[in-house]
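As a plain string of letters, each chain reads:
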Amino acid sequence: MSEHEYTPKSKAGKWFNDRLPLLTLGAHLTDYPTPKNLNYWWTFGGILTFCLITQIVTGIVLAMHYVAHADLAFASVEHIMRDVNYGWLIRYIHSNGASMFFLAVYIHIFRSLFYGSYKSPREVIWIIGLMIYLLMMAAAFMGYVLPWGQMSFWGATVITNLFSAIPLVGDSITTWLWGAYSVDNPTLNRFFSLHYLIPFLILGLVVLHIWALHVPGNNNPVGIDIKKPSKDTVPFHPYITIKDAFALLVFMIIFAGFVFFTPNVLGHSDNYIPANPLVTPAHIVPEWYLLPFYAILRSVPDKLGGVILMFSAIFILFVLPWLDTSKVRSAVFRPIYRQFFWILVIDVLMLGYVGAMPAEGIYLVLARVGTIYYFLHFIIVMPVVGYLEKTDPIPMSISEPVLTGGAEPSLARKVNDKV
Amino acid sequence: MSKEEKKVKRRDFLFTASYTVGAVGVGAVIWPMIDQMNPDKAQQALATTEVDISNIDPGKSITVLWRGKPVFLKRRTPEEIAEARAVNMDDLPDPQKDEDRVKVGKDEWLVMLGVCTHLGCVPLKDKGDFNGWFCPCHGSHYDVSGRIRKGPAPTNMEIPKFEFVDSNTIKIG
């Protein structure tokens, strides 16, 4: 944060700013000193903001035409697709937008894992981010229920039944969630209400996420603390805004590719069959972005155990800043951790793949191996590697490796001999 | 000095009393907000269903909807009943005698919720390793008495409250 006090040039601006310092905030956001070495992995924050706004705008429009009733919901979605002017476009943007949102958030999270952005002093940013991620999953799940197709209905049945695994009060909680004795009209109605609410909760958390970010400032690919402002930083505008805008354009091309050429490839065809409480589809799968967790759930042959493990897989991320014992943030300087990082990436992708396959034979074996590694990575690998690893020398500043032009900076700080 | 001490105590009492009344008030407001999500009167009114069973031949079954959930009504053959009763209790993850899952004297009628006790899918009939039902979602196998034999489901399929109104009619609920 630049310390110099901002003064609006115009008299009216000054009058207003004295009463509500919005212009000071605007100046802070414009001048905000940003590390000059941010790469394209750092553009996903902006992309995610775009995704959220896209979902809110298209969602508000869809809600003008959608009817949240078990007898009418499916028909109203088809009405949007066939009768409403550009309804097909708006719905396809909204449904594919959810997938694009998750694609971006996964890249954003793995960026943080690679460059150690979750570590001190950025733990609170990380935790708020995870809360956003949890709300995103809730919103996406409830949104998927709204068209009231077969996958909507049975997805809702399976997910709400997860709560019935809770000892003693499980069944009461499930009935309470449903508002009926099965997934039914009351369930659809409340899911619509909550689906509309959650994006605004996310918006509030995004403000906190950015606020918490602006206290220590951005991490960067080298992962070292930098002086702000200094020769290691550039103002957010125009340097970062133009880079974000370029990345966003590329992202929008991919997004548009899905919307216009394969709008249903990420969905499931069974969801174009109206919900039928008497027939379960032969093969229930959640949306792709939930598959790794689904694989973990199914890898355990016990109901309560599976549910506990699945929720643990998410909640373990909350204590990650304290499981990682390494003082070096960026994996660029962590030769051992870097390899485990890529194993984790492959592990999560594999879990996603087996989550889409039937839970039997080799897929079940792979799911179990993948689940075990997932937890080992966080519980064992992260603390132990942090202690034992001999890290590479890290540079004194961002400018240094550039100016001295080598990977062997003469002034390199030696952090490898036990931090 | 003692006067001041007394004052402090009096204030403490007021604080505690205020917090208590406040907490009760908040609770009184929150409870209706929570309870409104429980099944309403209209949902509860759907609590019973009567089913005509005169057209079901031995070995066949029908599925009816009760409280939004499928109920299987199966008229079992003597062989199937014998098979269900021959099972060793030690082989059952959730031990329950077949006799306890049907009405006395109406042994051929198995009436149960067609809901997998794992995560609520509808199992498929005449499938699985135990000549009963098989849930396609996560691979639970049920026997001819609807008892869990293999897979992630923790308990047998549930027997709802039901009664024979007459020899051709069953009332569920």
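Please refer to the structure placed before this passage.
This structure is a prediction, so every number in the text was calculated from the model and none was measured.

Residues and elements named next belong to chain A. The buried count for helix α11 (residues 291-299) comes to nine of nine residues, which makes it a mostly enclosed element. Where α11 is concerned, the buried positions are Leu291, Pro292, Phe293, Tyr294, Ala295, Ile296, Leu297, Arg298 and Ser299. On its buried side, α11 packs onto α5 (87-115), α6 (123-145), α12 (303-315), α14 (335-355) and α15 (361-388).

The subject of this paragraph is the interface of chain A and chain B. Each partner contributes residues to the interface: chain A has 27 residues there, and chain B has 27 residues. Where chain A abuts chain B, roughly 2300 Å² becomes buried across the two surfaces, and 62% of that area is made up of carbon and sulfur atoms. Sorting the residues of chain A by area buried against chain B places Trp176(A), Tyr181(A) and Lys303(A) first, and these three jointly supply 33% of that buried surface. Our count for the chain A to chain B interface comes out at zero salt bridges. Summed over the shared surface of chain A and chain B, the number is ten residue pairs in polar contact (both at pLDDT 80 or more). For the side of chain A that touches chain B, the elements supplying multiple residues, two or more each, are α7 (150-161), α8 (170-178), α9 (185-214) and α11 of chain A. Looking at the side of chain A that touches chain B, the element that brings in the most residues is α7(A), giving four residues.

What follows deals with the state of the cysteines. Residues and elements named next belong to chain B. By the definition in use, this model includes one disulfide over all chains. Residue pairing for Cys121: its cysteine sulfur links by disulfide to Cys137, the two sulfurs lying 2.1 Å apart. Its S-S torsion of approximately -100° makes the covalent link between Cys121 and Cys137 left-handed. With Cys121 in the loop between β4 (109-113) and β5 (124-127) and Cys137 in the loop between β6 (131-135) and β7 (140-143), this residue pair connects regions lying 16 residues apart in the sequence. By the burial criterion, Cys121 is buried, and Cys137 matches it. Cys116 carries a free sulfur, and the closest cysteine sulfur to it, the one in Cys135, is 3.8 Å from it. Judged by its relative accessible area of 3%, Cys116 is buried.

In this section: the packing of aromatic side chains. Residue and element names in this part refer to chain A. As enumerated under the stated definition, the model contains 30 aromatic pairs over all chains in all. With centroids separated by 6.3 Å and ring planes inclined at 55°, the aromatic side chains of Tyr106 and Trp288 adopt a geometry described as tilted. Residue Tyr106 is located in helix α5, and its partner Trp288 is located in the loop between α10 (236-261) and α11; the two are separated by 182 residues in the primary sequence. Overall, the relative accessible area of 27% leaves Trp288 in the partly exposed class. When the centroid spacing of 5.5 Å and the interplanar angle of 75° are considered together, the rings of Trp288 and Tyr289 count as edge-to-face. The class for Tyr289 is buried, based on a relative accessible area of 3%. Ring pairs connect the aromatic residues Trp42, Phe110, Phe114, Tyr115, Phe341 and Trp342, which therefore count as one cluster.

This part covers the packing of helix α1 (residues 11-19) of chain A against helix α2 (residues 22-31) of chain A. All names here are of chain A. One way to put it is that α1 packs onto α2 with a least axis distance of 7 Å and a crossing angle of 100°. Between α1 and α2, the interaxial angle falls into the category roughly perpendicular. In this structure, α1 contributes Gly13, Phe16 and Asn17 to the contact, and α2 contributes Leu22, Leu23 and Thr24.

Once that is clear, we can look at the pairing of β6(B). All names here are of chain B. Taken together, the three bridges between β5 and β6 define a ladder with antiparallel strand orientation. Across the sheet, Leu124 pairs through a bridge with Phe134, a residue of β6. Between β5 and β6, which pair antiparallel one after the other, the connecting turn spans three residues, and Gly128 there sits at a positive phi close to 95°. Pairing of β6 with β7, which is carried by four bridges, proceeds in the antiparallel orientation. Paired with Phe134 across the two strands is His141, which belongs to β7. Turn length for the β6-β7 hairpin, with the two strands adjacent in sequence and antiparallel, is four residues, and the turn residue Gly139 shows positive phi of about 75°.

Attention now goes to the sheet that holds strand β10 (residues 169-172) of chain B. Residues and elements named next belong to chain B. Pairing within the open sheet is antiparallel, and its three strands lie in the order β1-β10-β9. With partners counted over all chains shown, the strands left at the sheet margins are β1 (49-52) and β9 (162-166), one partner each. Taking the axes of each pair of neighbouring strands and ignoring which way they run, one obtains an average angle of 30° across the sheet. Pairing analysis gives four bridges linking β9 to β10, with the strands arranged antiparallel. Bridge pairing in β10 links Asp166 to Thr169.

Another aspect to go through is the side chain of Lys74(B). Residue and element names in this part refer to chain B. On the secondary structure map, Lys74 appears in strand β3 (residues 69-75). Assessed through its relative accessible area of 5%, Lys74 is described here as buried. Once you skip the residues sitting within four places of it in the chain, Lys74 turns out to touch Gly59, Lys60, Ser61, Glu80, Glu108, Trp109, Leu110, Asp126 and Trp133.

A few words now on the nonpolar core. Generally speaking, nonpolar side chains in soluble globular proteins are found buried as a group. Judged by nonpolar contacts, the single largest core of 119 residues is most densely connected at Phe102(A), Leu113(A), Phe293(A), Tyr374(A) and Phe378(A). Two domains each donate at least three residues to this core, and these are domain 1 (43-226 + 238-284) and domain 2 (310-392) of chain A. Non-local contacts of Phe102(A), meaning those with residues more than four positions away in its chain, are made with Tyr133(A), Met136(A), Met137(A), Ala140(A), Trp288(A) and Tyr289(A). By size, the runner-up hydrophobic cluster in this structure holds 13 residues, among which are Ile53(B), Ile56(B), Leu73(B) and Ile172(B).

Time to look at unusual backbone geometry. The omega torsion across Ser120(A) and Pro121(A) is 5°, close enough to zero to call that bond cis. Looking at the secondary structure, you find Pro121(A) in the loop between α5 and α6. A cis amide bond, omega -15°, links Lys228(A) with the succeeding residue Pro229(A). Checked against the element boundaries, Pro229(A) lands in the loop between α9 and β2 (233-235). The phi angle at Tyr86(A) is positive, at roughly 60°, despite the residue not being glycine. Its location among the elements puts Tyr86(A) in the loop between α4 (73-82) and α5. Unusually for a residue other than glycine, Asn131(B) sits at a positive phi of about 65°.

Parameters at a glance
Residues numbered from 1 in each chain as written. Chains lettered and ligands numbered in written order. Predicted model: local features only at pLDDT ≥ 70, side-chain atom pairs only at ≥ 80, totals over all residues. Heavy atoms only, no water. Buried < 20%, exposed > 50% of the residue type's maximum accessible area, 1.4 Å probe, protein only. Helix = DSSP H or I, 4+ residues; strand = E, 2+ residues; numbered from the N terminus. Contact = heavy atoms within 4.5 Å. Buried area = accessible area lost by both parts, 1.4 Å probe. Salt bridge = Lys/Arg side-chain N within 4 Å of Asp/Glu carboxyl O. Polar contact = N/O pair within 3.5 Å; in protein donor to acceptor, adjacent residues only side chain to side chain. Disulfide = S-S within 2.5 Å. Phe/Tyr/Trp six-rings, centres within 6.5 Å; stacked < 30°, edge-to-face > 60°. Axes fitted to C-alpha atoms, helices over the stretch in contact; angles between N-to-C directions. Parallel < 35°, antiparallel > 145°, perpendicular 65-115°, else oblique. Pairing = 2+ DSSP bridges. Core = buried A, V, L, I, M, F, W, Y, C linked by side-chain atoms within 4.5 Å. Domains from an automatic or database assignment.

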